[in-house]
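Single-letter residue listing:
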Amino acid sequence: MEKTLDNYLEKIDKFLKPMAVSERVDIVKEIQSEMLELQQNGISPAQIIERLGSPKELAKAYLGETISKSSGFGWRKLSAVIAFYSLAGFGGMIVLPFTSICGITFMFTGVLCPIMGIIKFGAHLVGIEMPQVGIEINSYTASAATFLPISFLIGIVLFATGWLFWKLTIFTIKAMSIGKKKLV
Amino acid sequence: MNIDDWKSQIKRGTLEFCILLLIRKQPTYGYELISTLENYPIMAAKENTIYPLLRRLLKEDFISSSWQESSEGLPPRKYYAITDKGLEYLSAMSAEWDNLINTINEMKGE
């Protein structure tokens with residue numbers, strides 16, 4: 001196979017890193033199959049590449065479709081989001097990092113908070129006090145027993161906030177990939 | 001007057017319908033599908049639209065895919081075929097399509 005075409009496929013493969021290996025292999029194989037068929041029809045490598053568009057745009061189209069159609073949160077999806085906005089340009093450089101980082105951080109602290117509540121309570125039961133963990137408003141300090149439900153409540157609020165930020169991230173990407181996809 | 005924006009919106013909304021109709025006729029591979037669509041300028045779409053769309057239809061189980069060897073030196077091709085779920089979806093789409101056409105005809109006073 002022509003070197004320029006090979007390079008093209010390598011770039012696609014690289015841009016699609018966040019996808020599962022089996023999916024990536026399948027995508028590259030399908031594009032390669034079309035390239036070979038076009039070549040067979042006497043179309044030059046340069047024309048083939050012009051037809052397919054830049055590898056970046058093509059990879060972005062695959063990533064955009066994957067992100068906006070799968071639901072929920074997962075590491076693979078997170079890395080697809082990161083890969084997408086690294087390809088998405090300036091708008092993506094400002095809005096998406098903010099919303100996605102807030103989303104992840106809030107969700108993480110939302111999980112952490114009740115865990116600390118449990119640890120403090122557990123420590124209290126075996127007779128160890130942990131004043132560095134807890135809640136303090138003016139002269140009021142929550143005891144280990146009161147802090148436990150409070151920590152769950154705060155955890156839920158934080159996690160929900162994070163989830164909203166995450167949803168906002170997905171929504172923005174969806175809007176961007178639709179906006180860019182001018183089917184002309 | 002710019003009609004292109006409106007045309008591209010129509011295409012966005014109906015491309016999926018057209019692709020499923022073509023795949024229902026007979027199992028088809030990606031490039032063949034794109035070439036067929038090229039014959040209909042209102043529905044012509046590039047690789048970066050069709051391939052991701054096919055992937056989504058696959059994920060949603062409206063179509064299935066299989067790699068098949070082709071003759072004389074040509075590379076294997078990934079063929080897409082419609083599933084039962086796809087047929088069901090397609091008939092629901094067809095009903096809505098007829099509904100739309102009737103509505104528009106009525107409004108046009110025909």
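Residues numbered from 1 in each chain as written. Chains lettered and ligands numbered in written order. Predicted model: local features only at pLDDT ≥ 70, side-chain atom pairs only at ≥ 80, totals over all residues. Heavy atoms only, no water.

Colleague: I'd love a proper account of the overall build of chain B, names of residues and values included.
Modeller: Tallying secondary structure elements over chain B gives four helices and three strands in all. Sequence-ordered secondary structure for chain B, helices as α and strands as β, is α-β-α-α-β-β-α. Split into buried and exposed, the 110 residues of chain B put 41% on the buried side. When contacts within chain B are restricted to residue pairs at least 6 apart in sequence, long-range pairs at least 24 apart make up 53% of them. Carbon and sulfur atoms make up 52% of the accessible area of chain B, which totals about 6,500 Å². (Helix = DSSP H or I, 4+ residues; strand = E, 2+ residues; numbered from the N terminus. Buried < 20%, exposed > 50% of the residue type's maximum accessible area, 1.4 Å probe, protein only. Contact = heavy atoms within 4.5 Å. Areas by Shrake-Rupley, 256 points an atom, 1.4 Å probe, with all protein chains shown as cover.)

Colleague: So what's going on with the overall build of chain A? Residues and values would help.
Modeller: Within chain A one finds seven helices and two strands. Order of helices (α) and strands (β) in chain A, N terminus to C terminus: α-α-α-α-α-α-β-β-α. The buried share of chain A, taken over its 184 residues, is 41%. Within chain A, residue pairs in contact and separated by at least 24 positions form 69% of the contacts whose partners lie at least 6 positions apart. If you sum the accessible surface of chain A, you get close to 10,100 Å²; carbon and sulfur atoms cover 68% of it.

Colleague: Give me a nonpolar patch on the surface: which residues, what numbers.
Modeller: Residue and element names in this part refer to chain A. A surface patch of nonpolar side chains, about 400 Å² in accessible area, is lined by Val111, Ile115, Ile119, Phe159 and Trp163. Counting residues per element, the nonpolar patch draws most heavily on helix 6 (residues 90–125), which supplies three residues. On the secondary structure map, Phe159 appears in helix 7 (residues 144–180). We classify Phe159 as partly exposed; its relative accessible area is 35%. (Patch = residues over 30% accessible without salt bridge, like charges linked within 9 Å, V, L, I, M, F, W, Y side chains within 5 Å. Salt bridge = Lys/Arg side-chain N within 4 Å of Asp/Glu carboxyl O.)

Colleague: Account for the interface of chain A and chain B, naming residues and giving values.
Modeller: Of the residues lining the interface, 24 residues belong to chain A; the matching set on chain B comes to 28 residues. Summing both partners gives a buried area of about 2,700 Å² for chain A against chain B, and 53% of it is carried by carbon and sulfur. Where chain A touches chain B, the interface holds six salt bridges. Between Glu37 of chain A and Arg77 of chain B there is a salt bridge; the shortest N-O distance is 3.2 Å. Taken together, the elements giving at least two residues each to the side of chain A that touches chain B come down to helix 2 (21–40), helix 3 (45–52) and helix 4 (55–69) of chain A. (Buried area = accessible area lost by both parts, 1.4 Å probe.)

Colleague: Describe unusual backbone geometry, listing the residues and the values that go with them.
Modeller: Negative phi is the rule for most residues except glycine; trans is the rule for most peptide bonds. One non-glycine residue, Asp61 of chain B, lies in the positive phi region at around 65°. Locating Asp61 of chain B in the fold gives a position in the loop between helix 3 (47–59) and strand 2 (63–68).

Colleague: Any chance you could break down the pattern of salt bridges for me, citing the residues and the numbers?
Modeller: In this structure the tally under the stated criterion is eleven salt bridges over all chains. Between Lys78 of chain B and Asp26 of chain A there is a salt bridge; the shortest N-O distance is 2.4 Å. Remark: Asp26 of chain A occurs in helix 2 and Lys78 of chain B occurs in strand 3 (residues 77–82); the pair is interchain, linking two chains. Residue Lys78 of chain B is classed as buried on the basis of its relative accessible area of 4%. Judged by relative accessible area, Asp26 of chain A falls into the buried class, the value being 18%. With a shortest N-O distance of 3.1 Å, Arg56 of chain B and Glu60 of chain B are connected by a salt bridge. Put simply, Glu34 and Arg51 of chain A together with Glu38 and Glu47 of chain B are held in one network by salt bridges that share partners.

Keep in mind that these numbers describe shape and distance, not what the molecule does.
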